[in-house]
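These are the residues of each chain, in order.
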Amino acid sequence: MSDPAVNVEKVRTTPLPNVSDISGRMFGEQELVNLTEVIQTGKLFRFGGKFVQQFEEDFAAMMGMKHAVAITSGTAAIHTALGALNCDVAQEMITTPITDMGTVAPILLQNCIPIFADLELDYFDLLPESIESRITEKTQAIIVVHLFGQPANMDAILALGKKYKIPVIEDCCQAYLAKYKGNLVGTMGAIGCFSLQQSKHMSSGDGGIIVTNDDELARRARLFADKGWPRGGDVRQYGFLGLNYRMNELTGAVAVAQVGKVEGIVNNRRRNAEAITERLSSIPGIITPKVREGCEHSWWLYPFMIDDDAFSLTPKEFAAAVSAQGVGVGHGYIGQPIYMCQILQEKATYGKSQCPFSCPHYGKELNYMPEDCPNTLEILRRLLILPCNELFTEKDIDDIVTAVTKVAKAHAK
Ligand SMILES: Cc1ncc(COP(=O)(O)O)c(C=O)c1O
């Protein structure tokens, strides 16, 4: 076969709007005004400043939640959620094999064991039957990821949580303002966790926030993110083990301005994703993403697939061929189930200890095998990823569709 990536006249010669820089990010005057105020007042610490607190209040109001706690990253948000739950060590937490390490590392840092359930082939979210098959007497949490902005099957997952008395934590790092049957993701489980890293719908470079309606979880979360210190009394009383995950005012200044923009960002992405779907779905062999019935996707990325029998290219070759047209398409997202990464395969945790896997309190032998989650392997083999940006113009969408169409036509069987 000739290399599909060579000798092509590109559809697109300039970059698409991109989340890595201002071409695809909505940072502007309000962020600058707020940042200037922080510097001019000299109040960069959240206690004494006003922006982090304002960010928490605005975010809680937007989500319709009682409490929001600002944190330093999405990873720290998940860690704080688990710290708030206060599980014993060597317990199990069920989560998804297609996610960022930020979902999984906090489980290990709380000295618990990540257990991976398989995914739904159509939606790439946790498969409730697979979660149930993984539940044991040690299961202490289910951490749901609304992958790419697609809400997970929350009715079934919350029902499992209720049946087995296991809290559900929602990882919404990729899913701002996505809705499941009218409910915002992050508002249905015990705690919702968000990231403000550079590529997320709203960003402050890095940052995070959690939401909950539970007073006790909120109290513990605040303390966990501030070294267990309630900041009062004559002596410093550190009540329980926590870390410093406090957001600072510079970050808060940007984050609070971003809250006001995220609805518009998500609406634009919805409009753009729908336009891409409408036009790609008429190309034979292109499988456009389904949105779960009754749900609103928020399109962190635009995942799609190709019909294996329709083209003379593998999915990976298809991605390379479209990328050669000047429209970057990724293949396989994280490339392998996260349980195949070195940390989990080699149990590379604390020195040579292999804790918590080797912990006597755990008392089980666990080795993650590739075939643990067959749907996940199939999804990763076939998954193609286009960007979905709030600042795409009609011309950008036209170029994306033209590039995919050109490759599809050139390599149709
Ligand atoms: C699903 C998911 N969970 C957790 C994280 C971790 O967020 P952060 O990078 O802000 O620590 C990310 C970020 O990439 C993510 O996409």
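**Q** What is the right way to look at the sheet that holds strand S10 (residues 286-287) in this model?
**A** Consider a sheet: its strands pair through backbone hydrogen bonds, and that pairing is either parallel or antiparallel. Pairing within the open sheet is antiparallel, and its four strands lie in the order S10-S12-S14-S13. The open sheet terminates on both sides in strands that have one partner only, identified here as S10 and strand S13 (330-331). Two elements, S13 and strand S14 (residues 384-387), share two bridges in a ladder whose sense is antiparallel. Within S14, the position partnered with Gly-330 by the bridge is Ile-385. The sheet contacts of helix H8 (residues 249-280) involve S10, strand S12 (301-306) and S14, and relative to S12 the element is tilted by about 15°.

**Q** Could you clarify how one ought to interpret the nonpolar core in this entry?
**A** Within the largest apolar cluster, 74 residues are counted, with the highest numbers of intra-cluster contacts made by Phe-55, Phe-59, Ile-131 and Leu-344. Setting aside anything within four residues of it in sequence, one finds Phe-55 in contact with Ala-70, Leu-196, Met-202, Gly-208, Ile-209, Met-247, Gly-252, Ala-255, Val-256 and Val-259.

**Q** Explanation requested: the site of the ligand in the structure shown.
**A** Every one of the 14 residues lining the ligand counts as a neighbour, but Gly-74, Thr-75, Asp-171, Ser-195 and Lys-200 are closest to it. Contact distances for the ligand include 2.8 Å between an oxygen atom and a backbone N or O atom of Gly-74. Taking Asp-100, its side chain carries an N or O atom lying 3.5 Å from an oxygen atom of the ligand. Considered on its own, the ligand offers 390 Å² of accessible surface; in the complex 90% of this is hidden by protein. Contributing elements (two or more residues each) for the shell around the ligand: helix H3 (74-85) and helix H4 (101-109). Of the residues in the shell around the ligand, the class split is two nonpolar, nine polar and three charged.

**Q** Would you mind showing me how to read the sheet that holds strand S2 (residues 92-95) here?
**A** Across the sheet, which stays open at both edges, the seven strands sit in the order S1-S9-S8-S5-S4-S2-S3 with mixed pairing between neighbours. Here the strands that pair on one side only, and so sit at the sheet edges, are strand S1 (67-71) and strand S3 (113-116). Ignoring strand direction, the axes of neighbouring strands in this sheet form an average angle of 25°. Bridge count between S2 and S3: four bridges; the pairing is parallel. Bridge pairing in S3 places Glu-92 opposite Ile-113. Taken strand by strand, H4 contacts S2, S3, strand S4 (139-145) and strand S5 (168-171), and its axis lies near 140° from that of S3.

**Q** What is the right way to read the state of the cysteines from this model?
**A** In protein chemistry, a disulfide is the covalent bond that joins the sulfur atoms of two cysteines. Per the stated rule, a full pass over the model turns up zero disulfides. Left without a disulfide partner, Cys-112 is nearest to the cysteine sulfur of Cys-87, which lies 5.6 Å away. Residue Cys-112 is classed as buried on the basis of its relative accessible area, which comes to 1%.

**Q** Teacher, can you tell me more about the packing of aromatic side chains here?
**A** We describe a pair of aromatic rings using the distance from one ring centre to the other and the angle between the two ring planes. Under the defined criterion, the tally for this structure stands at 16 aromatic pairs. The interplanar angle of 80° and the centroid separation of 6.2 Å between the aromatic rings of Phe-124 and Phe-148 together place this pair among those described as edge-to-face. Here Phe-124, found in the loop between S3 and helix H5 (128-134), pairs with Phe-148, found in the loop between S4 and helix H6 (154-164); they are 24 residues apart in sequence, far enough to count as distant. Relative accessible area serves as the criterion here: at 7%, Phe-124 is assigned to the buried category. A residue is classified by how much of its surface remains accessible, and Phe-148, at 0% relative accessible area, is buried. Aromatic rings pair up to connect Phe-55, Phe-59, Tyr-176 and Phe-194 into one cluster. Over the ring of Phe-240 we find Arg-220; its NZ or CZ atom is 3.8 Å from the centre of that ring. Over the ring of Tyr-123 we find Arg-292, and its NZ or CZ is 4.4 Å from the ring centre.

**Q** It is not clear to me how empty space enclosed by the protein should be interpreted in this structure. Could you clarify?
**A** Once rolled over the atoms, a probe with the size of a water molecule shows which space is left empty. Enumeration according to the criterion identifies one cavity of 30 Å³ or more in this entry. If you add up the space inside the largest cavity, you get close to 40 Å³. Every residue along the wall of the largest cavity is listed here: Asp-122, Tyr-123, Phe-124, Leu-147, Phe-148, Gln-150, Pro-289, Lys-290, His-297 and Pro-303.

**Q** Would you explain H6 in this entry?
**A** Taken as a whole, H6 has its buried residues at Met-154, Ile-157, Leu-160 and Gly-161. Taken end-on, H6 shows its buried residues confined to a sector of 125°, consistent with a single buried face. Along H6, exposed side chains directed more than 90 degrees from the buried face belong to Lys-162 and Lys-163. Of the surrounding secondary structure, the elements contacted by the buried residues of H6 are H5, S4, S5 and strand S6 (179-180).

What counts as what
Along each chain, the written sequence defines residue order, and numbers are assigned to residues from 1. Only residues with pLDDT of at least 70 get local features here, since the model is predicted, and only at 80 or more are side-chain atom pairs given and counted; chain-wide, interface and lining totals rely on the full set of residues. The side-chain values count all of the structure's non-hydrogen atoms but skip hydrogen atoms and water molecules. If DSSP finds at least two bridges between two strands, the strands pair. The numbering of helices and of strands both runs from the N terminus, where a helix is a DSSP run of H or I of at least 4 residues and a strand a run of E of at least 2. Contact between two residues is taken to exist if any of their heavy atoms lie within 4.5 Å; hydrogens are not considered. To get an axis, fit a line to the C-alpha atoms, keeping to the stretch in contact for a helix; angles then go from 0 to 180 degrees between the N-to-C directions. Among buried residues, those of type Ala, Val, Leu, Ile, Met, Phe, Trp, Tyr and Cys that are joined through side-chain atoms within 4.5 Å constitute a nonpolar core. Any residue under 20% of the maximum accessible area for its type is buried, any over 50% is exposed, and the rest in between are partly exposed; the area is computed with a 1.4 Å probe on protein chains only. Consider each residue's heavy atoms; a residue with any of them within 4 Å of a molecule or strand counts as near. Nitrogen and oxygen atoms within 3.5 Å of one another constitute a polar contact, given that in protein one can donate a hydrogen and the other can accept it, and given that sequence-neighbouring residues count only through two side-chain atoms. For every accessible area listed, the method is Shrake-Rupley and the probe measures 1.4 Å; residues are considered covered only by the protein chains on display. Following the grouping adopted for this structure description, the nonpolar residues are Ala, Val, Leu, Ile, Met, Phe, Trp, Tyr, Cys and Pro, the charged ones are Asp, Glu, Lys and Arg, and the polar ones are all others, Gly among them. A pair of cysteine sulfur atoms is labelled a disulfide when the two atoms are within 2.5 Å. Geometry of aromatic contacts follows a simple scheme: Phe, Tyr and Trp rings, the Trp one being its six-membered ring, pair when their centres are within 6.5 Å, and the pair is stacked under 30 degrees between planes, edge-to-face over 60, tilted otherwise. For a Lys NZ or an Arg CZ to count as sitting over a ring, it must be within 6 Å of the ring centre and within 35 degrees of the ring normal. A 1.4 Å probe that fits but cannot get out identifies a cavity on a 1 Å grid over protein atoms alone, an open set with protein on both sides within 12 Å along at least five of seven lines counts as a pocket, and a residue lines either if it has an atom within 4 Å of a point. Grid points are joined across faces, edges and corners, and a volume is the space filled by probe spheres set on the points. In this context, the arc is that of the directions from the helix axis out to the C-beta atoms.

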